[in-house]
Amino acid sequence: MINTQQLRPERNSIHDDACPSFQETLELIGRRWTGSILAAAAQGARRFGEYRAAIDGISDRMLTQRLKELEANGLIERTVIPSTPVQIRYDLSVDGKTLSQALQPLTRWSIERSARRAR
């Protein structure tokens, strides 16, 4: 269990131990298309074509780049299935699943906020 006292910044300061890690995470998930890729994975996309079909407007090049970044950051696991033709699957890792779950309240908040602003 996380000790919330350790995560609280010093008074009037944002320079505690959690800040650099949190900032790095925000920058990663804030990159264009990353949220869409994580959402597609959480909804069951596994193969490259499934991601591409689920995410309107993303190019093959950008999808490849973002999948590599997410893999390098331990959020996506890439599995090569030796068949003819070779199949490649992209699944959420344990960290990717917990991140997706952690983002659900933010997603709900965004939807609710958009609805309020549309009134």
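Residues numbered from 1 in each chain as written. Predicted model: local features only at pLDDT ≥ 70, side-chain atom pairs only at ≥ 80, totals over all residues. Heavy atoms only, no water.

### Concerning the side chain of Ser 93
Filter applied, for reference: We count a stretch as a helix when DSSP gives it H or I for four or more residues in a row; a strand needs E for two or more, and each element gets its number in order from the N terminus. The definition of a polar contact used here is a pair of N or O atoms within 3.5 Å, where within protein one atom must be able to donate a hydrogen and the other to accept one, and adjacent residues in sequence count solely through side-chain atom pairs. Contacts: residue pairs with any heavy atoms within 4.5 Å of one another.
Its location among the elements puts Ser 93 in the loop between β2 (87–92) and α6 (94–118). Here the side chain of Ser 93 touches Gly 96 through a polar contact of 3.1 Å, landing on its backbone nitrogen. In contact with Ser 93, not counting residues within four places along its chain, are Gly 74, Leu 75, Ile 76 and Glu 77.

### Some remarks on a positive patch on the surface
Going by this rule: Nonpolar side chains (Val, Leu, Ile, Met, Phe, Trp, Tyr) within 5 Å and like charges within 9 Å form the patches, drawn only from residues with over 30% relative accessible area and no salt bridge. Only the protein chains shown count as cover for residues, and all accessible areas are computed by the Shrake-Rupley method using a 1.4 Å probe. By definition here, a salt bridge exists when the distance from a side-chain nitrogen of Lys or Arg to a carboxyl oxygen of Asp or Glu is within 4 Å. Counting rule applied: Lys, Arg positive; Asp, Glu negative; His and chain ends not counted. Charge placement uses NZ in Lys and CZ in Arg. For Asp and Glu, CG and CD serve respectively. Relative accessibility thresholds used throughout: buried, under 20% of the residue-type maximum; exposed, over 50%; partly exposed, between the two (1.4 Å probe, protein chains only).
Among the surface-exposed residues, Arg 113, Arg 116, Arg 117 and Arg 119 lie close enough to one another that they form a single positively charged patch. For Arg 119, the position within the fold is in the segment after α6. Among the residues examined, Arg 119 registers a relative accessible area of 77% and is labelled exposed.

### Some details on the nonpolar core
Put simply, the rule is: Remark: nonpolar core denotes a set of buried residues (Ala, Val, Leu, Ile, Met, Phe, Trp, Tyr, Cys) joined through side-chain atoms within 4.5 Å.
Ile 37, Tyr 51, Ile 58 and Ile 76 are the most contacted members of the largest nonpolar core, which totals 20 residues. When contributions to this core are tallied by element, the ones reaching two or more residues are α2 (18–29), α3 (34–42), α5 (60–72) and β2. When neighbours within four sequence positions are excluded, Ile 76 is seen to be in contact with Ala 41, Tyr 51, Leu 70, Glu 71, Tyr 90, Asp 91, Leu 92 and Ser 93.

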